[in-house]
Amino acid sequence: MSEAQATEKPATETHKFQAETRQVLHLMIHSLYSNREIFLRELISNASDALDRLRFQAIKDDSVYEGDSDLSIEIETDGDAGTLTVRDNGIGMNRDDVMENIGTIARSGTRAFLDRLSGDEQADAHLIGQFGVGFYSSFIVADRVTVLTRRAGDEEAAGVRWESDGGGEYAIERIARAVHGTEVILHLKDSAREFLDDWNLRSLVTRYSDHIGFPIRMQESVKDEESGEERTEWKDVNKASALWTLPKSEIGDEEYQSFYKYLSHDLDDPLCWAHNKVEGTQSYTTLLYIPGTAPMDLMLQRDERTGLRLYVKRVFIMDAAQQLLPHYLRFVRGVVDSDDLPLNVSRELLQENELSGKIRSAVIRRSLDLIGKTAQDDHETYERFWTEFGAVLKEGIVEDFGNRERIAPLLRFASTQGEGERQDVDLAAYGERMQEGQEAIYYITAENYRAAANSPHLEVFRKKGIEVLLMSDRVDEWMMAYFHDFEGKPFKSVAKGDIDLAGVGAVEPETAADAGDDSPAIDDEVLKRAQEALGDQVSEVRTSRRLTDSASCIVLGDQEMALHLQRLLEQAGQEVPDSRPALELNPSHPLVGRLVRESDPARFEELSVVLFEQALLSEGGSLEDPAAFVRRVNALLTR
Ligand code: ADP
C-alpha cells in the first residue's frame, strides 16, 4: 500500500469494553462502595510499579529517564474542576499497552469469577477483592476517568489519551506529551468530593502507602520568608522507606498489614507474616505473607505465578515467584531483597545461580516455619489457613521430598475420631491415640467426606476403636501414593490389600467374633463358585476380615489406584491402568449365609452378582446396567 492510499486514522477512536469488563465494572462500583477509598491505594500501587519498572530498565540504559530520574508520585486536586490526579514519572504506556491493559480486564478467570457471584453483596465484595480491582476501582468514585501517558523513551508525539465514563465505551487518541509516565485524572462524583479534601487525602496516603519505596508528593502552601508571599511547593507526604528495610522493632502490625495490601492488591488482611534479615557472607531480607483467603485461580496448575517480588539492593527486578517459590507454596506473597545478586540478573540466571538457590531454600524454610508457628500458636488462624490452602500444601509431600519432614506435621485430616468433616487431626495426635499392637496409620480416600465416613471398610476399625483418617481432597490419593510413613509408622489404606487386626486394640470378649478376629471362614468351594459367577470383574472372592455389618466390599491391591480416582480420570478421558479388585464377603451376614446355602446354580449366580454390585455402589461407583441390578434385587426381595 502506498502512502497516498493509506487512510488516516481518525483522531479519536471509540472502543467498546468486552461484555465481561462491563459486568465486572458494574459490580465493583456497586459492591465496593463502602470500601471506596481503596481506589487510591490501587492507583498509587500501579504508579509505584511503573516507577519500579522504569528504574529496572534504566539499569541497562539510563537514557530512558530522559534526564528525569527523580522518581516520584504526585497527587493533586482541583476543587473547581472536581478532579483528583495521581501522576507518576514511571515507565508509562504506549497505545497498545493502553488498549491491552486498561481497555480490558484481561484475566483468565473473569468468566469463572462472574459465575461465582451470588448477588449477596458482602460475599460478592469479598470475591471482587480476591479477583483484584486495580485501575478500575477508580470508577467507584469517579464518573469519568482520563489517562494521559507516554512510554519512557518514545518520542513526544507518541503520547496517548484515554477516557471513559465506565459505561460501555472508552475513547483513545494520540496526543503530544512532553513528559514520560502516566497521569490518571479522576472526575469525582458529587458523592465522592471528600477526596478533594487535603487533610483527608494525606491521612489516606500515610495509612495506605507510607512505606512504599518512592516519595508521594502533594502541594503545600508555604510562606516565602523574604517576601512574605504565599506560594505552593511539592512536599513529601509519606516516609518513602521500603518497609522491609526497617528494623522489625519499628514496624507495627498495621504497617505490615497495609504493606501487604499494597503488595498483593488484596482487600483483606493477611493471616500472618514473617520478616527476616540474613546478614553474613550473603545478605538478604525476606518479608513473607500468607493471605487470608485463597485467590480464585489457586488450584489451577498454570505456571505464570506472581506474588513474590525480587529486589536487588532495594531496586525492583522482577516477580520471581516461579523461580523462588515451589508450586506447592504458590499462595505465599512477599518481598525478597538481596544485596548480592547482580542487578542485571535474568530469569535464566536465577534458575541456576547458586546464590538464588540458597535464597529459594531459605524462602521455603521460612514459609514452612511461618506456617508451623501459626499451627502451634494460634489454632483458629491455622484452621483458616488449612481450609484455604491445606489441599495445596499437601502437594508438597509429593513435590518436595527434602522438606517432607517439615511438611508432614503441618497436615490436618478428618478422622473417625475427629469432629465430623473438620480436618483437624494431625499425625502426631493420631500416633498418640494408636491402639496397643497397632503398627500402621490407617486411612481411607474417597470422593467426598460422606463416602469416606460411611465406607464399609471402616466397620471393623470402628468396632475395635482404631482411628482411621478420612481423606476426601482430590490430591489425597495422589499424595498417599508417595507418602509411605510418618515417624517410622507406615500408612495403610483400609480399602486396599489384606487387613489383619488380630490382637490389635481393646476388644470386648463377647464382640471378638463380631470384630472379625475369629469369624468363620467361608468354604473355599463357595468362594470359587462366586468368583466364576463374576468372571473377570474381580481378581478374587475371599472372606472379609474388615466387615462386621455390611455383606460385601470391594478391595484393591496395595498399589492400585482408588476407584473414585479411576472414575475421575476416566471422565477426564485419560487412560486408567487396568486393575481388578477383590470382592470380600462377610460370613456373618445373612445374605452371605444365604449364598453359602444356595443350591440352585442360577440363583447362586444372581446373588453373587448382587453382592458385587452392592459393594460397587457403596464405593460410590455406578453400575453398567442399573436396571438389571434392580430386577435382581426385586427378585430376591419377593422370593
Ligand atoms: P494490575 O495492576 O493488577 O495488573 P490494573 O487494572 O490496576 O491491574 O492495571 C492493569 C495494567 O495497566 C497494569 O498491569 C500495568 O501494566 C498498566 N498500568 C496501570 N497503571 C499504570 C501506570 N500508572 N503506569 C504504567 N502502567 C500502568
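Note that the structure is predicted; figures quoted are calculated from it, not measured. (Residues numbered from 1 in each chain as written. Predicted model: local features only at pLDDT ≥ 70, side-chain atom pairs only at ≥ 80, totals over all residues. Heavy atoms only, no water.)

### Considering the confidence of the model for the chain
For the chain, the mean per-residue pLDDT works out to 89, and 93% of the residues sit at or above 70. Low pLDDT (under 50) marks residues 1-7, which in the prediction has one contact with non-local residues, meaning those over four places away or in another chain. (pLDDT = per-residue confidence, 0-100. Contact = heavy atoms within 4.5 Å.)

### As for unusual backbone geometry
Of note in this structure, Glu 66 is not a glycine but carries a positive phi near 50°. Mapped onto the elements of the fold, Glu 66 is located in the loop between α2 (38-60) and β2 (73-78). Residue classification places Glu 66 among the partly exposed residues on the basis of a relative accessible area of 35%. Even without a glycine there, the phi angle at Arg 314 is positive, about 75°. (Helix = DSSP H or I, 4+ residues; strand = E, 2+ residues; numbered from the N terminus. Buried < 20%, exposed > 50% of the residue type's maximum accessible area, 1.4 Å probe, protein only.)

### Points about the nonpolar core
Counting 78 residues, the largest nonpolar core has Ile 290, Leu 329, Ile 371, Phe 385, Leu 393 and Tyr 442 as its most contacted members. Looking at this core element by element, the count peaks at nine residues for helix α11 (residues 354-377). Each of domain 2 (243-396) and domain 3 (412-638) gives at least three residues to this core. What Tyr 442 contacts, discounting residues up to four positions off in sequence, is Tyr 430, Phe 461, Ile 466, Glu 467, Val 468, Leu 469, Lys 492, Val 494, Ile 499 and Leu 501. If you look at the next biggest cluster of nonpolar residues, it comprises 77 residues, including Leu 51, Val 147, Ala 152 and Met 218. (Core = buried A, V, L, I, M, F, W, Y, C linked by side-chain atoms within 4.5 Å. Domains from an automatic or database assignment.)

### Remarks on the sheet that holds strand β20 (residues 540-543)
Strands in a sheet are paired, the pairing made by backbone hydrogen bonds, and the direction either parallel or antiparallel. Judged by pairing direction, the sheet is mixed, and its three strands sit side by side in the order β20-β22-β21 without closing on themselves. Because the sheet does not close on itself, it has two edges, and the strands there are β20 and β21 (552-555). Ignoring which end each strand starts from, the neighbouring axes of this sheet average 25° apart. Bridging between β20 and strand β22 (residues 582-585) involves four bridges; their strand directions are parallel. Bridge assignment links Val 541 to a residue of β22, and that residue is Leu 583. Sitting on the sheet, helix α21 (residues 601-618) touches β21 and β22, and the angle it makes with β21 is about 65°. (Pairing = 2+ DSSP bridges. Axes fitted to C-alpha atoms, helices over the stretch in contact; angles between N-to-C directions.)

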